[in-house]
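Descriptive analysis of the structure
Residue strings, one per chain:
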Amino acid sequence: MVDPSAVRRIVIDAARLVKTGEIVVFGSASLAFWLENAPTSRDVDLWVTPSERGDAVEALMGELSWYHERHSSYVEVLGPETFAGPRTWRERALRLSLPEAPGVAVIVPHPHDVLISKLERLAPSDRDHIQRILSEAPIDRDRLEALAAESPYRTGDAPLASTEAFELHIAEILATLPD
């Protein structure tokens, strides 16, 4: 498990390998950049541009790599299609410039956008992460609905089964929010 306090170091290590380009940190590990009570995560999910640099990051820092063995944490490099955030998520994202890798832009989606991306699956750990997000970054029903309207589940870019699960789960979360 990746402790939230280790996420920044892991991203810096990945950025050093990338040298020039962009890294998007998404999923549970991204919450370490935003929340005081961020959860631990199984790994650090990234997507890297240019993608061939992501291949090097995955090879050197991925599951069962020397990096994983040495640091008890690893990186999973995925494509942008794996982050099902609202269409305008980049407008709210945190943008970091790291002195250790000045040629790499690090982008971290806002917690509300991460919340939207977790609603299709909504595993027990996702429920915990959503509660952490809502406790530190409250959102009302109207705003959450507006973000959901921009998600791939509502824009027709997701499979029907995923859309049905998303709608079921967002209704559950909306029922817990103030008007």
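Let us look at the structure shown here. (Residues numbered from 1 in each chain as written. Predicted model: local features only at pLDDT ≥ 70, side-chain atom pairs only at ≥ 80, totals over all residues. Heavy atoms only, no water.)

What follows is about the pairing of strand β5 (residues 104-108). Among the 5 residues that make up β5, 4 are buried, leaving the element largely enclosed by the rest of the structure. For strand β1 (residues 21-26) and β5, the ladder comprises 4 bridges, and the chain directions are parallel. For V24, the partnering residue across the bridge sits in β5 and is I107. Both strand β4 (residues 94-97) and β5 contribute to a ladder of 4 bridges, which runs antiparallel. Residue pairing across strands places S97 opposite A105, the latter belonging to β5. (Buried < 20%, exposed > 50% of the residue type's maximum accessible area, 1.4 Å probe, protein only. Helix = DSSP H or I, 4+ residues; strand = E, 2+ residues; numbered from the N terminus. Pairing = 2+ DSSP bridges.)

Take the packing of helix α1 (residues 4-18) against helix α2 (residues 51-61) next. It is at 9 Å that the axes of α1 and α2 come closest, and there the two elements cross at 130°. In terms of orientation, α1 and α2 fall into the oblique class. Judged by the sense of rotation from one axis to the other, the crossing of α1 with α2 is right-handed. For the pair α1 and α2, contact is made by I10, D13, A14, L17 and V18 and by R53, V57, L60 and M61, respectively. Here the contact of α1 with α2 is built from residues that sort into 7 nonpolar, no polar and 2 charged. (Axes fitted to C-alpha atoms, helices over the stretch in contact; angles between N-to-C directions. Parallel < 35°, antiparallel > 145°, perpendicular 65-115°, else oblique. Left-handed = near helix turned anticlockwise from the far one by under 90°. Contact = heavy atoms within 4.5 Å. Nonpolar A, V, L, I, M, F, W, Y, C, P; charged D, E, K, R; others polar.)

Attention shifts here to the environment of A171. Note on placement: A171 falls in helix α9 (residues 160-174). When the C-alpha atoms of A171 and V75 are compared, they prove to be 32 Å apart, with 96 residues separating the residues in sequence.

The next point concerns the packing of aromatic side chains. Evaluated as defined, the whole model comprises 7 aromatic pairs. Between F26 and W47 the ring centres are 5.6 Å apart and the planes differ by 55°, which places this aromatic pair in the tilted class. With F26 in strand β1 and W47 in strand β2 (residues 44-49), this residue pair connects regions lying 21 residues apart in the sequence. The pair F26 / W47 is uniform in exposure class, with both members buried. Measuring from centroid to centroid gives 6.5 Å for W47 and F83, while their planes differ by 45°, and the two rings are tilted. Remark: F83 occurs in the loop between β3 (75-77) and α4 (89-92) and W47 occurs in strand β2; sequence separation between them is 36 residues. An aromatic cluster is present here, built from F26, W47, F83 and W89 joined pairwise through their rings. (Phe/Tyr/Trp six-rings, centres within 6.5 Å; stacked < 30°, edge-to-face > 60°.)

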